[in-house]
Amino acid sequence: MKKISVIIDDFYSDEVILGGDKISELIDKKNKNIERLQDGIKKYNEESNSNYRLIENVTQGSVAMCTTIDPEYDDFDIDVGIIFNKDNISYSTDECKDLIISFLKPYNYLFNKNPQKKKNCIRINYEENYHVDLAIYRKNGDFYEHCGERWTSRNPRSINKWFEEKNLEYNNRLRIMTRLLKYFAKSRREWKLCGGLIITILVAEQLEKISINESLDVVLLNVIRGIINRLNTNIIINNPTNGDNIVTTGKSQNLVKGFRDKLKAFVTNLNVSYDLNDENMIRKSWDLFFNTKYFTSQNEKKKKTENNEMFIDDLYQIDRTTPCNFEIRCQRFVSKDPNNFIKSTHINCKNGEPFYLNVNRSHMLCFSVETNISKPYSLLWKVKNNGATAYNKNELRGELCCGNDISRVNNLKSDFRYETIDFEGNHYVECYLIKDNKCIASAKFNVNIKK
């Protein structure tokens, strides 16, 4: 039902996504705690004549995947992977966690309570309902191990990469559906249900089986039905990057079953209202599902714009020691026929001069790179929109994404990035060259679009 789909989309923008100001606060707290950790390591080394060194940090979880929500009954949190060389961290996992807590000890007075050892991380709590989870890794060459109940093979960037590839494949529906169902899981104070990663994996499984071209509300309902059927049969959930079961304890199994049972409790009303095609019933059913009055209320909606911006140094180590040439090239296509383009090529990433053109939704821009770096390498692109139109349309963007082809079907191996010329503003495109799991070059291309 088109009207309901629009309301779901409005609800997602107005109520579900976490605003850019809160995300900025989370990232600021993450950066401050990394600085504290670095300083704590330095002090610890001076006092104990040791040589511990943090070599990398990687933002993980919902902030890295842009699936953060604005929960009424939960803390705001950010997950960070902290990485050491294996020969520098050779202790048992319990001893390793104790060591990290020792590094942070000089700053305990700043926290709501002292850092806690959790199953898979060290948790730092703040008074204002924020917490930072530090997941510990050790590295040997390109091989990473995670500090949980035991050391296990796990790359700190693998889930982020998996999510971005799947989200591209499903036309951003993975991010939207994950956020909506995470919001449902946090919609009642008394509920204790499974976490965001499990919900994300369950959503991805269902999007593979259903049509993502239906209206937003129908896709969501089909995902809910599919998850219920899936969990009725099997509650084992595997990490998509290494195949490990992540529901290993009785407690975690009960949290997954609880999520299934809460979905069951509300899906009956949704099924009946959609079978009857009764708009008022459908509105009431979604209100019940999300514990809100948004769908039946006529109140003026608040405006909130999604901040999806991602940063390359949260995913990859930056290494600018390799001398290279790296420039972005832009060609303008006057249709979606790749053989039909205006014969002009623009390269301006070095001098920063903007490229001016007028809005024309039937035209496309093709971005590529010129470099003397030999393959193999991969490219990541960031498209950042600015201006009032982008803000009002909630299209600021800023995710890190792979290449695509001119028909708009994402091609993860493509060295090209095609974009439409949609609305005015001073926009830009950045490209990052990833080689040997490091970002060794980047370039920026400014695009000034006028009416």
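Residues numbered from 1 in each chain as written. Predicted model: local features only at pLDDT ≥ 70, side-chain atom pairs only at ≥ 80, totals over all residues. Heavy atoms only, no water.

1. Focus: a nonpolar patch on the surface
Put simply, the test is: The residues that make up patches have over 30% relative accessible area and no salt bridge, and they are joined within 9 Å when like-charged or within 5 Å when they are Val, Leu, Ile, Met, Phe, Trp or Tyr. Areas reported here follow the Shrake-Rupley algorithm with a probe of radius 1.4 Å; residue values treat only the protein chains shown as occluding. By convention in these notes, a salt bridge is any Lys or Arg side-chain nitrogen within 4 Å of a carboxyl oxygen on Asp or Glu. Runs of H or I in DSSP of at least four residues are treated as helices and runs of E of at least two as strands, each being numbered from the N terminus.
Where nonpolar side chains cluster on the molecular surface, the patch consists of Val272, Leu276 and Met281 and spans about 250 Å² of accessible area. One can find Val272 in helix H9 (residues 250-276).

2. Let's talk about the confidence of the model for the protein chain
When pLDDT is low, close inspection of the predicted coordinates is not appropriate. Applicable threshold: Each residue gets a pLDDT score, which is the predictor's confidence in that residue and runs from 0 to 100.
When pLDDT is averaged along the protein chain, the result is 86; 89% of the residues meet or exceed 70. Per-residue pLDDT, averaged within each element of the protein chain, yields its smallest value for strand E10 (residues 341-346) (58) and its largest for helix H8 (residues 216-233) (97).

3. Quick look at the packing of aromatic side chains
Test applied: Classification of ring pairs uses Phe, Tyr and Trp, with its six-membered ring standing for Trp, and accepts pairs whose centres are within 6.5 Å; under 30 degrees between planes counts as stacked, over 60 as edge-to-face, and the remaining range as tilted. Geometrically, a charge over a ring is one whose NZ (Lys) or CZ (Arg) sits within 6 Å of the ring centre while staying within 35 degrees of the ring normal.
Across all of its chains, the model carries 22 aromatic pairs by this definition. Through a chain of ring-to-ring contacts, three or more aromatic side chains come together here, namely Phe11, Tyr183, Phe184, Trp191, Phe259, Phe266, Tyr274, Trp286, Phe289, Phe290, Tyr294 and Phe295. Over the aromatic face of Tyr130 sits the side chain of Lys29, whose NZ or CZ is 4.4 Å from the ring centroid. A cation over a ring is seen here: Arg138 above Trp151, with NZ or CZ 3.9 Å from the ring centre.

4. What to know about helix H7 (residues 196-207)
Defined as follows: Helix span is expected to be 1.5 Å times the residue number reduced by one. The classification of residues rests on relative accessible area computed with a 1.4 Å probe and restricted to protein chains. Under 20% of the type maximum is buried, over 50% is exposed, and intermediate values are partly exposed. Any two residues having at least one pair of non-hydrogen atoms within 4.5 Å are treated as being in contact.
End to end, H7 covers 16 Å across 12 residues, agreeing with the expected 16 Å (1.5 Å per residue, within 8%). Across the 12 residues that make up H7, a large majority, 9, are buried. All buried positions along H7 are accounted for by Ile198, Ile199, Thr200, Ile201, Leu202, Val203, Ala204, Gln206 and Leu207. In this fold, the buried residues of H7 make contact with helix H5 (158-169), helix H6 (173-185), H8 and H9.

5. Considerations on the pattern of salt bridges
According to the stated counting rule, one finds 22 salt bridges in the structure shown. Taking the shortest distance from any N to any O, the salt bridge between Asp39 and Lys43 comes out at 3.4 Å. Taken together, the residues Asp39 and Lys43, both in helix H2 (residues 20-48) and 4 residues apart, mark about one turn of the helix. Among the residues examined, Asp39 registers a relative accessible area of 28% and is labelled partly exposed. Residue Lys161 pairs with Glu165 through a salt bridge whose shortest N-O separation is 2.6 Å. With a gap of 4 residues between them, Lys161 and Glu165 both fall in helix H5, about one helical turn apart. With relative accessibility at 24%, the residue Glu165 sits in the partly exposed group. Several salt bridges converge on common partners, so that one network encompasses Lys3, Glu279 and Arg283.

6. A few points about the environment of Cys401
Residue position: Cys401 is located in strand E14 (residues 397-401). Cys401 gets classed as buried once you look at its relative accessible area, which sits at 7%. Excluding anything up to four places from it in sequence, Cys401 contacts Leu168, Leu379, Leu380, Trp381 and Arg417.

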